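# Examination of the molecular architecture
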Amino acid sequence: MVLEYKLLIDGESKDSSTGETFDDINPATLENLATVQVAGKEDVDRAVESAEEGLRVWSEVPAPRRAEVLFRAARILQERKEDLAVLMTEEMGKVLPETRGDVQEAIDITNYAAGEGRRMFGETTTSELKDKFCMTMLRPIGVVGMITPWNFPIAIPSWKIMPALIAGNAIVFKPSSDTPLLAIKLVEILMEAGLPPGVVNIVPGPGGSVGKAIVQHPRIKAISFTGSLETGKWIMGECAKTIKRVSLELGGKNPVIVMDDADLELALEGVLWGAFGTTGQRCTATSRLILHEKIKDEFISRLLAKTKSLRVGNGLLPETDIGPVINKAQLEKIERYVRIGKEEGATLLCGGNAIDPGLPGYFFEPTIFTDVTPDMRIAQEEIFGPVLSIIMVSGLEEAIEVANNTRYGLSSAIYTESIGNAFRAIKKIEAGITYVNAPTIGAEVHLPFGGVKGTGNGFREAGTEAIKEFTEVKAVYVDYSGRLQKAQIDTE
């Protein structure tokens, strides 16, 4: 029997006002995991009202006490790690070792954010006047709207939810319709850990209706969004109308530079993991290999051999290296970009086809193009699938120029044994993240995550920077002189 999930408002399951539902489909087997009710604008209004009530309670709880709830949630997540990982593989397809890592990232950021409960630091400084004290303090923004993607269905929500909670905010949350169950389980765990009713509310449904209602709601004070550049631009425009804070993470076209002095075996492993892990469905995926021409023949030969040995199939099986793509629309998008690459004159070295590994789901071969030029669409546009484009260069300066020749700027990497090459790349590559002798993924929760140019708008998730996304800074002056003092005027 397929379970039906309702909305989560004020700590309770509530029926949607629309009467509509959608199915949560396993992309490997096409089995229906659950039926989920679709929220409407009226439901978003109810969720905001609930969040406002939750905010009144939660914002008055001292941050170290808020931290106790998060620490308990982290322990529950740890206890249920395997069950959540299996559910994630069923819901979005990636292999079990990766889904375990996704849950572990949620555990880590929950613990990290909880630790910030005793580090909600302001600053103190001297005044220019006698008998006057000056400081800053952090205040929650209020009710925050969150819209998250399907590819990291518990980690990305945790990156947003946990810092927002420790800062004292309340949340209206729209998870991806491809992975709603992980979001529901996450919020249920927070409530089990002691989060008051109404502090986090879930309103599932399409971005075009539910997401739009969240973004445009006048009583939602900030939006945190991870998704496509086009949607991010629209959200930023809508938020500008009411001067609403907005934090955007909008994708990448991430380069790995492999120099002629690189450890080739290390670089090969990094390129494979970066390009084909999560079936290439991550904003930090290695989609461009910028390869020094002196090593092209040897490197490509070894890369092809390793790529062809990768096994595509059900992510629950231990022998599987690559799971399915998320849905039919994504499969068709990848097929379209393969045709575009051929039409542009790139050479297809391997892959390029949807395949049938004995399951009815959405599977695609690991795919490599060479003879790619930097201006080709397959080298410029985010494909979000297991497709790698190889671009040849003659030296470091050309490699950096090619790396920067895109509207995105999230993650980047260079493989080299030269400390000079490494630091020149660190200095000159236009990206929020640069790895040396490691692939373009593997964020750690105590460092800031985010990008430049078309990837984001200046905010960072994780690390101490995450608190800034969800707080306002208040300046405080205490004048105990007993008389009127005027800064810049009263100089006696």
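Refer to the structure above for everything that follows.
Residues numbered from 1 in each chain as written. Predicted model: local features only at pLDDT ≥ 70, side-chain atom pairs only at ≥ 80, totals over all residues. Heavy atoms only, no water.

Our next topic: the sheet that holds strand β4 (residues 21–25). Pairing is mixed in the open sheet, where three strands are placed in the order β1-β5-β4. With one partner strand each, in any of the chains shown, β1 (3–5) and β4 form the two edges of the open sheet. Within the sheet, the average angular offset between the axes of one strand and its neighbour, ignoring direction, is 30°. Here five bridges tie β4 to strand β5 (residues 32–37), and the two strands are oriented antiparallel to one another. When the sheet's bridge partners are listed, Thr21 is paired in β5 with Gln37. (Pairing = 2+ DSSP bridges. Helix = DSSP H or I, 4+ residues; strand = E, 2+ residues; numbered from the N terminus. Axes fitted to C-alpha atoms, helices over the stretch in contact; angles between N-to-C directions.)

Summed over the entire model, instances satisfying the criterion amount to two aromatic pairs. Between the aromatic rings of Trp150 and Phe384, the centroid separation amounts to 5.7 Å while the plane-to-plane angle is 85°, which identifies the pairing as edge-to-face. Remark: Phe384 occurs in the loop between α12 (377–380) and β19 (387–393) and Trp150 occurs in the loop between β8 (143–147) and α5 (155–166); sequence separation between them is 234 residues. Relative accessible area serves as the criterion here: at 13%, Trp150 is assigned to the buried category. Judged by its relative accessible area of 17%, Phe384 is buried. If you follow Lys94 out to its NZ or CZ, it ends over the ring of Phe152, 3.6 Å from the centre. One residue, Arg282, lies across the ring of Trp273, its end atom 4.6 Å from the ring centre. (Phe/Tyr/Trp six-rings, centres within 6.5 Å; stacked < 30°, edge-to-face > 60°. Buried < 20%, exposed > 50% of the residue type's maximum accessible area, 1.4 Å probe, protein only. Lys NZ or Arg CZ within 6 Å of the ring centre and 35° of its normal.)

When you line up the elements, Leu289 lands in strand β14 (residues 286–292). Residue class for Leu289 comes out buried when judged on its relative accessible area of 0%. Considered as a pair, Leu289 and Ile390 are 101 residues apart in the sequence and their alpha carbons are 4.7 Å apart. Excluding anything up to four places from it in sequence, Leu289 contacts Val256, Val258, Val271, Phe299, Leu303, Leu388, Ser389, Ile390 and Ile391. (Contact = heavy atoms within 4.5 Å.)

Nothing here speaks to function; it is geometry throughout.
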